[in-house]
Amino acid sequence: MTITVKFWGVRGSIACPSPEHVVYGGNTSCVEMRVGDNVLIFDAGTGIRNLGRDLVRRGVTSASIFLTHTHWDHINGFPFFVPAYDPANSFEVFAGHLTGQGGVEKVFSAQMANPTFPVPLSAMRSRLSFCDFDTGITLHPAQDITIRTAPLCHPNGAVAYRVEYAGASVCYVTDTEHKPGQSDQSILDLIEGADLVIYDATYTDEEFEKRIGWGHSTWREGVRLCQMANVGQLALFHHDPDHDDKIMADIEKQARAEWSSVFAARDEMVVTITGKKTN
């Protein structure tokens, strides 16, 4: 009775494949959670390409995809998600920030339309369904799986998710900007007591001061929130593409000196969360 988390893309803004980004990885946001017999996918950045190949290898024919938002770095891997072209497969795509704006299917279709992409969304012959919801509701993608949602502070809106299964809980909280000296109560409520929180740690404190309004947070704010909310572990996520392996190692060292229960997420890292026993 576990949630197995695999990071397929941990970068923000733009993919950065280079010799200086080997240890932590260069793919943009994509996280897989294996929950019982179900596969949940969070965001469809460039990391979803390798995930798709792995799903084919494993014989997985269906999954639910949950988007935080639809900025390029969170969706531009989807046209290269090979399983979506197979008529034998089925996928649900969820988004909570586009109600009243035409919905997520419109965005995905536009991304794959001329003149920016040669293959239309209709070429994906799998059974694709697009589900728009109002942020703040609770979702039940499968029996015994509960997903709570909350709004994030990000340009054009974004959604945080908390996955609960058999006493285990994992939160995906990326692309959010904090206000210095204030705590985001909606985030605190969502992550309270979670086993693992994946948090937007794009900037250092020094970088953050120069990028107010860009919609991202810091590793130090992630640590502060998780300690306040009695979280088990914190995964630093959405790494700035200018943070090469050397810089990332230093950030991780600083963060762990402040709190031993934090680590920097890496491409293809796997973390298993076991549910708490209940009487």
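Residues numbered from 1 in each chain as written. Predicted model: local features only at pLDDT ≥ 70, side-chain atom pairs only at ≥ 80, totals over all residues. Heavy atoms only, no water.

An unreviewed UniProt entry lists the protein under the name MBL fold metallo-hydrolase, with Thalassospira marina as the source organism.

Student: Explain empty space enclosed by the protein to me, please; I cannot follow it from the model alone.
Tutor: One way to see where empty space is left: roll a probe the size of a water molecule over the atoms. Taken as a whole and judged by the stated rule, the model has one cavity of 30 Å³ or more. In this structure, the largest cavity encloses a volume near 30 Å³. Considering the residues around the largest cavity, the lining is formed by Thr176, Glu177, His178, Asp184, Ile187, Tyr199, Glu221 and Leu225. For the lining of the largest cavity, a count of residues per class yields three nonpolar, two polar and three charged. (1 Å grid on protein atoms, 1.4 Å probe; cavity = no way out; pocket = protein on both sides within 12 Å on 5 of 7 lines; lining within 4 Å. Points joined across faces, edges and corners; volume = space filled by probe spheres on them. Nonpolar A, V, L, I, M, F, W, Y, C, P; charged D, E, K, R; others polar.)

Student: Would you take a moment to explain the environment of Thr146 for this structure?
Tutor: Take Thr146: it is sitting in strand β8 (residues 145-152). Residues Thr146 and Met33, spaced 113 residues apart in sequence, show a C-alpha to C-alpha distance of 13 Å. The residues contacting Thr146, other than those within four sequence positions of it, are Thr138, Leu139, His140, Arg162, Val163 and Glu164. (Helix = DSSP H or I, 4+ residues; strand = E, 2+ residues; numbered from the N terminus. Contact = heavy atoms within 4.5 Å.)

Student: Would you take a moment to explain the layout of surface pockets for this structure?
Tutor: Of the volumes computed, that of the largest pocket is approximately 170 Å³. What lines the largest pocket is a set of 15 residues, and nearest its centre among them are Asn38, Val39, Ser62, Ala63 and Ser64. Looking at the lining of the largest pocket, the elements with two or more residues in it are β3 (38-42), β4 (62-67), β5 (90-95), β6 (127-132) and β7 (138-142). Among the residues making up the lining of the largest pocket, the classes are represented as seven nonpolar, five polar and three charged.

Student: Whenever I open this one, the sheet that holds strand β13 (residues 262-264) confuses me. Can you help?
Tutor: Two strands in a sheet stick together by hydrogen bonds in their backbones, pointing the same way (parallel) or opposite ways (antiparallel). Spatial ordering of the open sheet is given by β7-β8-β9-β10-β11-β12-β13, a layout of seven strands whose pairing is mixed. The outermost strands of the open sheet, each flanked by one partner alone, are β7 and β13. For this sheet, the mean inter-axis angle between neighbouring strands, taken without regard to orientation, is 20 degrees. Sheet topology note: the strand β12 (residues 233-237)/β13 ladder contains three bridges and is parallel. Across the sheet, residue Leu234 finds its bridge partner in β13, namely Val262. (Pairing = 2+ DSSP bridges. Axes fitted to C-alpha atoms, helices over the stretch in contact; angles between N-to-C directions.)

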